[in-house]
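Architecture at a glance
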Amino acid sequence: MSVIPVDVLKKHHRVLAEYTYELRPVDRGYANRTLYINLSDMTIKEKPVTEEMKRIFTGGRGFALWLLWNAVKDDTRWNDPENELIIANGPLCGILSYPGTGKSTVVTISPLTNLVIDSNVGGMVGPYLKGAGFDALEIQGKADRDVVIVIDGDTGHITIEEAPLEAPYAHLSARALTEMYARDEKDLRNIAVVAAGHGAEFTRYGMLNFSWYDLRRKEVRYKQAARGGSGTVFRDKRIKAIVVRKSGWGAKSNNAAKPELIRKASARINKEIAELDDKQNQMRKVGTAHLVGIMNDYDLLPVHNFQYGSHPDAHKIAKDVWIGLFTQGVPDGCHYGCSLSCSHAVDHFHLHTGPFKGQAVLVDGPEYENAAGLGANLGIFDPNEVLELNFYCDTYGLDTISFGTSMAFAMECYQRGVITREHTGGLDLTWGNFEDIIEVLHQMARGEGFGLIVGQGVRWMKEFFVETYGADPQLLNDIGMEVKGLEFSFYVTKESLAQQGGYAIANKGPQHDEAWLIFMDMVNNQIPTFEDKAEALHYFPYWRTWFSLHGLCKLPWNDIEPADNALQPEPHKVPEHVENYCWLYEGMTGIPVTPDDLIGQSERVYNFQRVFNIRRGSGRRQNDYPPYRAVGPVTVEEYESRRERYDRQLKEDVGVDPTGLSTEEKIRILREYRMNRYEQLLDAVYARRGWTREGIPTLETLKRLQIDFPDVVRVVKAALEETGQ
Ligand code: SF4
């Protein structure tokens, strides 16, 4: 594929709108204003950040939800012009001396769920946006042609530019735009780009690549805001890219109130990482891909559309293989200064298919989710095939998780005879058939064939297969791995009731960043009762939400642990690191906080998001159920693959002797028992969270959390009346 030179691209950039603003220093972590752009009428304006916004919503995801709440109507669809795409950073974003402080959160109404999606992402966009003067960027309306938004934080100048020629591939457009807006080679590091890709135009799970410039490799690298279709919204608005420039951003740029506290926390964690990472998870060598072997050992690695939890070939895509393939010895932080440095890459990877066939490229990743979802769950155990799928998902702007789970669902449907070769356009979707799997991916980017069907996601396919091909709805509902319309990320939850709830109750849908309790629940048996599980499903989703309010990465919280962590009273909370975060917050804002205060910040935003879901017609008990495959065995093969375990549970837990019962009968009894336990879990979680039995936050809860704004109360009162409570 020939690449258009940067000067030719630039010549075709015509300025459609521009705006000049006053540059101001960041104050105690806040820029104290947000930027609003409307692409329909080319409005560009600033909005103030109020003290109330900071007190109630903190920043990051909190700010974004509040802005979106005020921008949309109750029935706004994802592709209506009033839907917004919001990118927010947070008060601790851009500290840089502490690992994991470069995150942005993207919020929009999702094409997959019709609910609010939040997706957090690394790269340098978040810090540079703040440095340019904004705590959030709010984009509404739709352009009538392809545009690039350029925010120059050095000059205080914003432009919306027509951009007709940029390649529809993220790895090319991000590189070209970085070169186009850098004054010279030294300036390349001061540019960060948001870019989607061609695939985002034809699917519902388009994602966004957020870049940073890799100084050692001299390459533009990127991380993904992957979940929920934010890239699809981006392209629907005809945005090709967003470019942010800020030079001179450094450790002091946040103008922290008590920098000595930030230095104290940074020194402590950086020492731990230097001394302990090699003995613990080896994040600096392999990143989250170290999890593949562990998940396989505990029967938690999804295989063949989550039917099974392990596979004899899993070692072929496990830790040691990735350590060998990743370039070692280079700092791989996704923001400058991240000492946990887990964003690994394979350099000079030779592609065998698609528009870049024969070229050597850099592949960012894979992380655990990619290895599991593009590998084991599709029956692929060749690391080169995983890498090729990973590269094309990224450059086409497609979420690897939704692609992997949607593809696996289509493959199981094919192998169960629900769909045939006739429906797939001749493709043979048997497990591990890489050639035809990657053809589906290429079709998504070309907007043709069966790729268009798989690109609509699991929920859409279920309805389509039932209506068009007469498929059995019960079977498809049981094996279609989605909740609320979002595809599952890659953990088998059958033996962890708490994780089933963690996935299915999550506001955005089943994504592990909100709740991940498998080890506490299943492996270590630390939360045996319903009350214990409810307590964990109170604390951990709120705690994990906290990171996205501040512009932080969760990984340095518990993917590295202090040497004496196991001796602490609540080791799973990693108390020393929570203390670090209290120091960071006080150090930045000057406001002393306790660990409970941090949870309080999240609880407000989390409950507000729940009410946002209620406003959108969801957020009730009926919306919090997982597909049965996430709870127990759906098919005879699944039951038989773990017969000993299930027979024992029938005998010991259910009180039914399995002897002489057919497998179908055993499946039915086990299902009744497990779903009954799931109902009890929902009751316990809702009670602990201050919600009604229907999952609606009570008026007292809203008041306690100080989110009882008239509009919020209106939504909740209507839902309470509707559910008779
Ligand atoms: S820990 Fe990894 S993902 Fe998190 S900020 Fe650092 S490099 Fe990025």
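Residues numbered from 1 in each chain as written. Predicted model: local features only at pLDDT ≥ 70, side-chain atom pairs only at ≥ 80, totals over all residues. Heavy atoms only, no water.

What follows is about the overall build of the protein chain. The helix and strand inventory of the protein chain stands at 30 helices and 17 strands. Along the first, second and third principal axes, the C-alpha atoms of the protein chain reach 80 × 55 × 55 Å. Burial statistics for the protein chain: of 725 residues in total, 65% are counted as buried. Taking the intrachain contacts of the protein chain between residues at least 6 apart in sequence as the baseline, contacts between residues at least 24 apart amount to 71%. (Helix = DSSP H or I, 4+ residues; strand = E, 2+ residues; numbered from the N terminus. Buried < 20%, exposed > 50% of the residue type's maximum accessible area, 1.4 Å probe, protein only. Contact = heavy atoms within 4.5 Å.)

With that settled, the discussion passes to the sheet that holds strand β9 (residues 157-162). Pairing is mixed across the open sheet formed by seven strands, whose spatial order is β1-β9-β8-β13-β10-β11-β12. Both outer strands of the open sheet, β1 (14-20) and β12 (219-225), are each paired with one neighbouring strand and no more. Each neighbouring strand pair of the sheet contributes to a mean axis angle of 20°, computed without reference to strand direction. Each of β8 (147-152), β9, β10 (191-195), β11 (208-214), β12 and β13 (239-245) touches helix α5 (residues 170-181); the most contacted strand, β10, lies at about 145° to it. (Pairing = 2+ DSSP bridges. Axes fitted to C-alpha atoms, helices over the stretch in contact; angles between N-to-C directions.)

Within the structure shown, the criterion is met by 72 salt bridges. Residue R217 pairs with D332 through a salt bridge whose shortest N-O separation is 2.8 Å. Here R217 is found in the loop between β11 and β12, whereas its partner D332 is found in the loop between α11 (319-325) and β14 (345-350), with 115 residues between them in sequence. Accessibility expressed as a relative area gives 15% for R217, which makes it buried. The salt bridge partner of K316 is D313, with a shortest N-O separation of 3.4 Å. On the basis of relative accessibility, which here comes to 38%, the residue K316 falls in the partly exposed class. (Salt bridge = Lys/Arg side-chain N within 4 Å of Asp/Glu carboxyl O.)

Residues in contact with the ligand, as listed here, are G100, K223, D332, G333, C334, H335, C338, L340, C342, S343, C553 and L555. Residues belonging to the shell around the ligand are distributed by class as follows: six nonpolar, four polar and two charged. (Near = heavy atom within 4 Å. Nonpolar A, V, L, I, M, F, W, Y, C, P; charged D, E, K, R; others polar.)

Turning our eyes to something else, we now look at the layout of surface pockets. Its boundaries defined by the atoms lining it, the second largest pocket holds a volume of some 640 Å³. Secondary structure elements with two or more residues in the lining of the second largest pocket: α18 (458-469), α19 (473-479) and β16 (482-483). With five residues, α18 is the single largest residue contributor to the lining of the second largest pocket. Of the residues assigned to the lining of the second largest pocket, the class counts are 12 nonpolar, 11 polar and eight charged. (1 Å grid on protein atoms, 1.4 Å probe; cavity = no way out; pocket = protein on both sides within 12 Å on 5 of 7 lines; lining within 4 Å. Points joined across faces, edges and corners; volume = space filled by probe spheres on them.)

It is worth spelling out the pairing of strand β7 (residues 136-140) at this point. The element β7 is largely enclosed, with a buried count of five among its five residues. Side chains of β7 alternate between two faces, with A136, E138 and Q140 and L137 and I139 buried alike. Both strand β2 (residues 33-38) and β7 contribute to a ladder of four bridges, which runs parallel. Bridge pairing links Y36 to E138 in β7. As paired strands, strand β4 (residues 85-88) and β7 are joined by four bridges and run antiparallel to one another. Residue pairing across strands places I87 opposite L137, the latter belonging to β7.

Below, the discussion takes up the side chain of S548. Among the secondary structure elements, S548 is positioned in helix α22 (residues 530-550). The class for S548 is buried, based on a relative accessible area of 6%. Residues within four places of S548 in sequence aside, it is in contact with G59, G60, R61 and T105.

It is the contact of helix α8 (residues 259-276) with helix α24 (residues 575-589), at a shortest axis distance of 7 Å, that shows an interaxial angle of 150°. By the criterion of interaxial angle, the relationship of α8 to α24 is roughly antiparallel. As α8 runs across α24, the sense of the crossing is left-handed. On α24, the residues that touch P259, L261, I262, K264, A265, R268, I269 and E272 of α8 are E576, H577, E579, N580, W583, L584, E586, G587 and M588. (Parallel < 35°, antiparallel > 145°, perpendicular 65-115°, else oblique. Left-handed = near helix turned anticlockwise from the far one by under 90°.)

With that settled, consider unusual backbone geometry. Here the residue pair G365 and P366 is connected by a cis peptide bond, since its omega of 5° sits within 30 degrees of zero. Note on placement: P366 falls in the loop between β15 (360-364) and α12 (368-374).

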